[in-house]
Amino acid sequence: MTESAAMAGTRDACFEFRGATQTLTVLELRYFDMEMFEKNLRDKIRQAPNFFRDLPLVIGLDQYEGNLADLDFFQLIGCCRTHSIQVLGVRGGDEDVRRLARNASLAWLPAGRAGHPLPDPAEGDTAEAATEAHADSDAAPGAGKVVTQPVRSGQQVYAPEGDLIIMAPVGAGAEVLAAGHIHIYGPLRGRALAGVHGDSNASIFCQSLEAELVSVAGHYKISEDLQDSGWREPARVRLNGDALVVDPLGR
Amino acid sequence: MARIIVVTSGKGGVGKTTTSASISTGLAQKGYKTAVIDFDVGLRNLDLIMNCERRVVYDFVNVIQGEATLNQALIRDKRVDNLYILPASQTRDKEALTHEGVEKVLNEMSETFDYLVCDSPAGIEHGALMSLYFADEAIVVTNPEVSSVRDSDRILGILQSKSRRAERGDDPVKEHLLLTRYNHERVERGEMLSIEDVNDILSIPLLGVIPESQAVLNASNQGAPVILDEDTEAGQAYEDAVARLLGEERELRFLDPQKKGFLKRMFGG
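Since this is a predicted model, take the numbers as computed values, not measurements.

Q: Hey, could you run me through the pattern of salt bridges in this one?
A: Any two side chains of opposite charge can pair, given that their charged atoms come close. Counted under the stated rule, the structure contains 27 salt bridges over all chains. Among the ionic pairs, Arg 98 of chain A bridges to Glu 95 of chain A, the shortest N-O distance being 3.7 Å. Of the two residues, Arg 98 of chain A and Glu 95 of chain A are both situated in helix α4 (residues 95-103); the distance of three residues between them amounts to about one turn of the helix. For Arg 98 of chain A, a relative accessible area of 35% translates into the label partly exposed. Between Asp 240 of chain B and Arg 253 of chain B there is a salt bridge, and its shortest N-O distance comes to 2.8 Å. Residue Asp 240 of chain B is found in helix α12 (residues 233-245), and its partner Arg 253 of chain B is found in the loop between α12 and α13 (260-268); the two are separated by 13 residues along the sequence.

Q: What exactly am I supposed to notice about empty space enclosed by the protein here?
A: With a probe scaled to a water molecule rolled over the atoms, the places where space remains empty come into view. Residue and element names in this part refer to chain B. Considering all chains together, one arrives at three cavities of 30 Å³ or more under this definition. Empty space within the second largest cavity amounts to approximately 40 Å³. In terms of lining, the second largest cavity is formed by Val 209, Ala 237, Asp 240, Arg 244, Leu 252, Arg 253 and Phe 254. Ranked by residues supplied to the lining of the second largest cavity, first place goes to α12 with three residues.

Q: Sorry if this is basic, but what is going on with the interface of chain A and chain B here?
A: A common way to report how large an interface is uses the accessible area buried once the components associate. Listed per partner, the contact involves eleven residues of chain A and twelve residues of chain B. Overall, the association of chain A and chain B removes approximately 910 Å² of surface from exposure, summing both partners, and the carbon and sulfur fraction of that is 38%. The largest share of the area that chain A buries against chain B comes from Arg 152, Ser 153 and Arg 189 of chain A, three residues that together contribute 58% of it. Remark: the boundary between chain A and chain B carries two salt bridges. The salt bridge involving Arg 189 of chain A is made with Asp 200 of chain B; its shortest N-O contact spans 2.6 Å.

Q: What is the right way to look at helix α6 (residues 126-133) of chain B in this model?
A: Each turn of an α-helix holds 3.6 residues, which means side chains three or four residues apart point in the same direction. Residues and elements named next belong to chain B. Taking burial as the measure, the eight residues of α6 include six buried ones, the bulk of the element. Residues of α6 that are buried include every one of Gly 127, Ala 128, Met 130, Ser 131, Leu 132 and Tyr 133, and no others. Those residues of α6 hidden inside the fold are in contact with β1 (3-8), α5 (99-110), β5 (115-119), α7 (146-162) and α8 (164-168).

Q: I'm lost on the sheet that holds strand β10 (residues 191-194) of chain A in this one. Help?
A: Consider a sheet: its strands pair through backbone hydrogen bonds, and that pairing is either parallel or antiparallel. Residues and elements named next belong to chain A. Read across the sheet, five strands follow the order β6-β8-β10-β12-β13 without closing on themselves; strand pairing throughout is mixed. Because the sheet does not close on itself, it has two edges, and the strands there are β6 (156-159) and β13 (219-222). Recorded for the sheet is a direction-independent mean angle of 5° between the axes of neighbouring strands. Where strand β12 (residues 213-216) meets β13, four bridges bridge the pair, whose relative direction is antiparallel. Within the sheet, the bridge partner assigned to Leu 213 lies in β13 and is Ile 222.

Q: What is the right way to read the nonpolar core from this model?
A: Nonpolar side chains in soluble globular proteins tend to end up buried together. All names here are of chain B. Counting residues in each nonpolar core, the largest one holds 51 residues, and the members touching the most others are Ile 37, Phe 60, Leu 86, Val 102, Met 109, Leu 116 and Leu 159. Residue contributions to this core peak at five residues, all from α7. Residue contacts for Leu 86: discarding those within four places in its chain leaves Val 36, Ile 37, Asp 38, Asp 59, Phe 60, Leu 70, Ala 73, Leu 74, Val 105 and Met 109. Residues Ile 23, Leu 178, Ala 234 and Tyr 238 belong to the second largest nonpolar core, which totals 35 residues.

Q: Hey, could you run me through the side chain of Ser 203 of chain A in this one?
A: Residue and element names in this part refer to chain A. Note on placement: Ser 203 falls in the loop between β10 and β11 (204-209). Engagement of the side chain of Ser 203 in a polar contact is seen with the side chain of Arg 236, the distance being 3.0 Å. Leaving out residues up to four positions away in the same chain, Ser 203 has contacts with His 181, Ile 182, Ala 194, Arg 236, Val 237 and Arg 238.

Q: Honestly, the sheet that holds strand β8 (residues 206-211) of chain B in this entry has me stumped. Any pointers?
A: Residue and element names in this part refer to chain B. In spatial order, the strands read β3-β4-β2-β5-β1-β6-β7-β8; together these eight strands make up an open sheet with mixed pairing. Both edges of this open sheet fall to β3 (75-76) and β8, since each of them pairs with a single strand only. Sheet strands touched by α7: β1, β6 (137-142) and β7 (174-182). Its angle to β6, the strand with the most contacts, is close to 165°.

Q: It is not clear to me how the packing of aromatic side chains should be interpreted in this structure. Could you clarify?
A: Residue and element names in this part refer to chain B. Under the defined criterion, the tally for this structure stands at five aromatic pairs over all chains. With a centroid separation of 5.5 Å and an interplanar angle of 80°, the aromatic rings of Tyr 84 and Phe 113 are classed as edge-to-face. Placement of the pair is Tyr 84 in strand β4 (residues 83-86) and Phe 113 in the loop between α5 and β5, with a sequence separation of 29 residues. The same class applies to Tyr 84 and to Phe 113, which are both buried.

The rules we used
Residues numbered from 1 in each chain as written. Chains lettered and ligands numbered in written order. Predicted model: local features only at pLDDT ≥ 70, side-chain atom pairs only at ≥ 80, totals over all residues. Heavy atoms only, no water. Salt bridge = Lys/Arg side-chain N within 4 Å of Asp/Glu carboxyl O. Helix = DSSP H or I, 4+ residues; strand = E, 2+ residues; numbered from the N terminus. Buried < 20%, exposed > 50% of the residue type's maximum accessible area, 1.4 Å probe, protein only. 1 Å grid on protein atoms, 1.4 Å probe; cavity = no way out; pocket = protein on both sides within 12 Å on 5 of 7 lines; lining within 4 Å. Points joined across faces, edges and corners; volume = space filled by probe spheres on them. Contact = heavy atoms within 4.5 Å. Buried area = accessible area lost by both parts, 1.4 Å probe. Pairing = 2+ DSSP bridges. Axes fitted to C-alpha atoms, helices over the stretch in contact; angles between N-to-C directions. Core = buried A, V, L, I, M, F, W, Y, C linked by side-chain atoms within 4.5 Å. Polar contact = N/O pair within 3.5 Å; in protein donor to acceptor, adjacent residues only side chain to side chain. Phe/Tyr/Trp six-rings, centres within 6.5 Å; stacked < 30°, edge-to-face > 60°.

As structure tokens, then:
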């Protein structure tokens, strides 16, 4: 992920610029008809009101079929606002669109690659659907944390952002946690918890699985349940649906 | 400036006091002015092993509280020159070891001694933390069994986070592993962890391996550090450990009693 695209000023400066990547919902507009638009929007919101409340939204124009010059941004934004959706900007279109966006106080983003349509939020619990959608494409930010010393019994190492890389053993009674993946270049004898903020794509990698407990996004297994597959072997622990699975590494 | 060495383990009964007595005696024998300090306030044993329990007038806590001077409290060993014992108080509790008090005493001793050996109490409570806080080096005494190794791992973590060197961001405390009560036959039978097993878990340099021996028990009952018993394997193993502590390279001995002569020829040079 982009880290510190631009650093401004010194330590004393009251702010600094940082590069960041955020997953946003894009409304891919095919055509605009005020009545149809409002009706469709209302239907969607009724299915998943929590998902849409204060949703930051980008209007995507990559698939727009009509004449962009005729598109009334003010009407579109107003309609979104009345339904508590916050339009941040416009993606795609030409210089004219850019000018129109500026007039409507919207940010303009260059045309992106065609994103895959979001899973219909109505299908799952709405709030959960939102987090999952974010977790999906939003890999952990930052370069993570690298530890070169053994993690001893009673010690805890936590990487609140990104991955945790440990180039030494993790002792019994030690605990390592990360928002992203956990890599251990040594035996894992303590507890390892990956994806502690709910990233179900996180994995735990270790050179010898002898853990007291492994957990990915809150789903855990204790030592007793790990004996049958990959015990004392190089392994990856990942989440498959709701089940933790242990895959052998490099064999 | 004296070099401060803490002898610690986490677990009790693994041989900390025996080790403190022998290591300090060994250092003094090599000509270094050495003091061994008992931090086990309330459960003092060091004076017994050093055979000076009848000569204790003042103790560590008296010095901390200003009731006695350091010279009044230090007991000079009768067998080895350059060796002094600072006994613990038997009637106080560990809280008497205040941070400032310990620091003041260690600073004063640092001026005249070459080595200060701190005999840590078991556990990870105040007394143990005080004994390791000021350390430059640590001898982690471990028996080849799972619970002892686990506790040693814990103590190593504390050394890395709670010592003065860690807090100041200086060079880390130099760690040494001393494996005591090592019994080759029991390792062979799978009743004890092997040196490799322990090394694999703790991954710190090995200072020595002291074989399990009746001589150790005899020595402590007689009030003589086992290192003075030069005919015993345990005594010689401690002598090796002291030499390694001082930077000498020595091969491990006495790992296999039956093949001792053979091993000696193979590795001893």
